[in-house]
Amino acid sequence: MPTITVPFRAGHEGYAGFRIPAVVVTAAGTLLAFCEGRVDSGRDWGHIDIVVKRSTDGGRTWGPLRVAADNGTDLAGNPAPVVLDTGRILLVHVRSAAGASEAALLRGEVPEADGRRVWVRHSDDDGATWSTPREITGQVKRPGWRWYATTPGHAIQLSTGRIVVPANHTLPPTGTDVGDEAKYNGGHCLLSDDRGETWSLGYLDENTDGYVNVNETTAAELPDGRVYFNTRTDSTSPGNRADAHSEDGGKTLTYPFRPQAGLDGPVCEGSLLQLRAPDVLLFSGPALPTGRALMTIRASTDGGTTWRPVHTADGLPAAYSDLVRVDADTVGLLHETGDFGAYERIVFRRIPVTRLT
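Analysis parameters
- Residues numbered from 1 in each chain as written.
- Predicted model: local features only at pLDDT ≥ 70, side-chain atom pairs only at ≥ 80, totals over all residues.
- Heavy atoms only, no water.
- Phe/Tyr/Trp six-rings, centres within 6.5 Å; stacked < 30°, edge-to-face > 60°.
- Buried < 20%, exposed > 50% of the residue type's maximum accessible area, 1.4 Å probe, protein only.
- Helix = DSSP H or I, 4+ residues; strand = E, 2+ residues; numbered from the N terminus.
- Lys NZ or Arg CZ within 6 Å of the ring centre and 35° of its normal.
- Polar contact = N/O pair within 3.5 Å; in protein donor to acceptor, adjacent residues only side chain to side chain.
- Contact = heavy atoms within 4.5 Å.

**Topic: the packing of aromatic side chains**
A complete count under the given rule lists 9 aromatic pairs for this structure. Measuring from ring centre to ring centre gives 6.2 Å for tryptophan 145 and tyrosine 148, while their planes differ by 35 degrees; the resulting arrangement is tilted. The class for tryptophan 145 is buried, based on a relative accessible area of 5%. Seen in terms of ring centroids, phenylalanine 283 and tryptophan 307 are 6.0 Å apart; in terms of plane orientation they differ by 65 degrees. Their pairing is edge-to-face. Residue phenylalanine 283 is located in strand 20 (residues 280-286), and its partner tryptophan 307 is located in the loop between strand 21 (295-300) and strand 22 (308-312); the two are separated by 24 residues in the primary sequence. In this structure, phenylalanine 283 and tryptophan 307 share a single accessibility class: buried. Through a chain of ring-to-ring contacts, the aromatic side chains of Phe8, Tyr15 and Phe18 assemble into a single cluster. The ring of phenylalanine 8 carries lysine 53 above its face, with NZ or CZ at 5.6 Å from the centroid. Its end group placed over the ring of tyrosine 255, arginine 258 keeps NZ or CZ at 4.4 Å from the ring centre.

Next comes the structure, spelled out in structure tokens:
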């Protein structure tokens, strides 16, 4: 039986490139692997769909590619799926005009109607079909924010029933700045206490001192009920990761994001997964500090305070990733990689839990 499969390969199935993986397991045990299908090129803007493949055998084989969310010939991206206690699968994502590049958004050159807006849709048939999308921008995006992104990776539902979707944004600049300076990055999360019917903003982490610049963020619920957040940061603080905890389900942070220098790696997205039985917190991401390569899973038994490497995929280029508990014995790792660049394919790895704990 294969332990490594390739659900998405650049230049195949009608897409020039595939980026931004996310993976969940449904109540029926089906794996859903999501990513952005980039039609014309591998760039971060243009005609982009959210695509999905289903696996009913634990990621050993994958069904046909389906479009889970689109925006015509514009952009639908940053998939943040979560499987609810009811079995419903929510897909929170963003939309924007095809021509709204990140650079133009940061400089404030994109009209609000064409900028990053937030949508949600759902599936009640194990990811086979999806509902009509519903816009929630007015509930979760403040006026003036320019860039906006959900996760990347999976969102979570807490033991209380609350849905938490990590997200990030940028603030409008001051003085002679133009808005693309890293210090204007900020973090927040989306919250829903009624299984996705209504939404609100949770914590805000915003400062412009340049020490920690909260960016793409992932979350996990710890065994004691706290929510642990870990973020990419390009800043003057030690390392390229920062983290924070919340004791009220993501509404506020116990402390603002602080450096987590124990996770060596480049400026890049990472993923979290809290295992139960045994209680181990996992983090996946490239571990080479000077570049996007060396996909590695690290483990923490103290709620993210300290980390140790437990599994290295290989020494190849690698970038974004997402983690999922496939079954009692297996963790799945969906990540970008390639032989000569990190974005040639998205692979799925089946890893025994015993290797990670």
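**Description of the side chain of serine 237**
Note that serine 237 resides in the loop between strand 16 (227-233) and strand 17 (241-246). Polar side-chain contacts of serine 237 include one of 2.9 Å to the side chain of serine 235. Sequence-distant contacts of serine 237, that is, excluding residues within four places in its chain, are made with Tyr211, Val212 and Pro259.

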